[in-house]
Each structure stands twice: as structure tokens, then as C-alpha cells.
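Descriptive analysis of the structure
What follows is each chain in one-letter form.
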Amino acid sequence: MLYSLGRAAKIAGMRFFMLPLLALSLVSCATQATAPARPSSGAVNTQELGRRIWANECAGSVQGLVSWNEGEAFPSLGIGHFIWYPAGVQEAFDESFPTFVRYARANGVQVPGYFDGPAPWSGKAAFLADHSGRADAMRRWLAANVGIQTRFIMWRSRLALRRMIQQSSQPRVIAARYNALSATTQGMYCLVDYVNFKGEGLKTTERYQGQGWGLLQVLEEMEGCPTGRAATAEFSRAAAAVLTRRVANSPASRGEKRWLGGWLNRCKTYR
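Now for a quick tour of the structure. (Residues numbered from 1 in each chain as written. Predicted model: local features only at pLDDT ≥ 70, side-chain atom pairs only at ≥ 80, totals over all residues. Heavy atoms only, no water.)

The secondary structure content of the protein chain amounts to 11 helices and 3 strands. The linear arrangement of helices and strands in the protein chain, starting from the amino end, is α-α-β-β-β-α-α-α-α-α-α-α-α-α. For the protein chain, the residues scored as buried account for 44% of the 271 residues in total. Considering only residue pairs separated by 6 or more positions, the protein chain has 63% of its internal contacts joining residues 24 or more positions apart. On the protein chain, roughly 14100 Å² of surface is accessible, and the fraction owed to carbon and sulfur atoms is 55%. (Helix = DSSP H or I, 4+ residues; strand = E, 2+ residues; numbered from the N terminus. Buried < 20%, exposed > 50% of the residue type's maximum accessible area, 1.4 Å probe, protein only. Contact = heavy atoms within 4.5 Å. Areas by Shrake-Rupley, 256 points an atom, 1.4 Å probe, with all protein chains shown as cover.)

Next comes the structure, spelled out in C-alpha cells:
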């Protein structure tokens, strides 16, 4: 009995000892960053990152740099499949291609005039019937300017971080984890690919049983504030946990379990 009580007291003492350490760890994590990250060109290899995004979004093909997906009212351009609306078309999606054009010019890149205004095709049929060579000229320019597209994607990611910080209950911790990831090419790949994959996690409509599955939820799911390879490994684990939880929370009628294997394989690429 005395042994049991002594052991219990020891365990209780360890718990009280661990609580300040945990609190200190969270404070240390939070103080690593108070503002969105600004990855330097030396920290992230934009060409390597761009090639990986290109491979995921366009299968690495030049042809895929200007495409029109079935069922969509607009073409998608570039390694990030930036949306470009034709005249008279306006949907709920963010029209990112004109923003990219302005960003490129603001950063000293000469952009052809045929990228100005609305998309030059009224619909997919007109796009497929166009044999003027205009789409091929666009593809050639985009293939030759992967770096500026990558930097634009990174810039948009930092803007997304500001929105996530505003919605999170632990904004400084979220910023610290984001900053640790954005300091490396692999970490930045995790951040931008997951948003392309499952979104930012900010929309209340993208919830099952009140729980989301976007980038914000993955950053919140991470433990501590690891850096380097440890950060991408923890991001991979957290992403898999968030997506597994999504499937568990999803309505049975959607049958989302059939997708989970593929989703988890994608999460493995973040390691």
C-alpha cells in the first residue's frame, strides 16, 4: 500500500512537472513567429518547387499549361491551373490568372499582351476549335516562365496565412508552424500542394460535424513546432489524421472511404 501511494505520488509529481514544460513548449512555439513568413529565394528552390507543382497539376506536360476541364466554364492556365474567365462569365471561384499577370508585371516580367482582358474563348467548344496557334503560344510562354508562377503561388500562400491566422484560436502557433514549413522547398511544397488538394479550410460549408479538413486544420493538428525534415514529417502525419477524421465524419451515403487510400498516398509525399 505504501509502495502504491508512493508510486502514485511520484506519478502525480511528474504530471505537475510536465505541465509547465508543456506550457513552455507552446510559448516557445508561439514566439517563433508573429507575422506571415517571407521565404527568401535562397531558402526555397523555386524551380524545383515549380516542377513539382507542374507535375501534380498538369502531369508535367506543356499541353496541360493551357487546358479546359470538362464541365467548367473557363480555361485553366499555368502550373497552378490559374482560372481565367471568358467575357460574361463569373462564378464563385477566384479568378487567379489576371492577378498573376499583374503580379508578374509588377515584378519586372514582360508578359505578352494576349494575356490581357478576358479569356479569348467563349466556351470549351470554341477553345477546341481554335487552330490559330494562340493556345500553343501561351503554353510556350508559361513553360519558359515557371519561376514567376512559383513565386506567385508562394505569394498567394502567404496571403492565405493571414486569413487563417484571423480564424484560428491559436494564431501565433499557426504562424510559427507555417514559417517553419515555408523555410524549405519541401515544406513550401506541403503548404501549396495541400491547398490545391483540399483547400485552406476556412469555409464553414466545408465541414463534417463541425470539423474541417483544409490547411488550417492540418496546421492546428500538428504537434509542437518542429523544423526542417521533422516539420514536413509532422505535417504528413497531421494531414493523414485530418483526412482520416474527415472520412470518419462524412455521411455514409458519400462513400468517401473509397478515396482515403489515394489521399493518404498523397500525404506520404509530404514527408
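What follows concerns the nonpolar core. In terms of nonpolar packing, the biggest core is built from 63 residues, with Phe97, Phe100, Phe115, Tyr194, Leu219, Phe235 and Tyr270 touching the most fellow members. Ignoring anything within four residues of it in the chain, the contact list for Phe97 reads Leu77, Phe82, Ile83, Trp84, Phe115 and Leu142. (Core = buried A, V, L, I, M, F, W, Y, C linked by side-chain atoms within 4.5 Å.)

Now for helix H10 (residues 228-249). Between the first and last C-alpha of H10 there are 32 Å, a value that for 22 residues agrees with the 32 Å anticipated at 1.5 Å per step. Within the span of H10, buried status applies to Ala231, Thr232, Glu234, Phe235, Ser236, Ala238, Ala239, Val242, Leu243, Arg246, Val247 and Asn249. For H10, the elements touching its buried residues are helix H7 (171-182), helix H8 (185-198), helix H9 (215-221) and helix H11 (257-268). (Expected span 1.5 Å × (residues − 1).)

This part takes up the sheet that holds strand E1 (residues 66-67). If you trace the 3 strands from one edge of the open sheet to the other, you get E1-E2-E3, paired in antiparallel fashion. Two strands in the sheet have a free side with no partner beyond their single neighbour: E1 and strand E3 (82-83). Pairing geometry for strand E2 (residues 76-77) and E3, over 2 bridges, is antiparallel. Within the sheet, the bridge partner assigned to Leu77 lies in E3 and is Phe82. (Pairing = 2+ DSSP bridges.)

Honestly, that's just the spatial picture; any functional story needs more than this.
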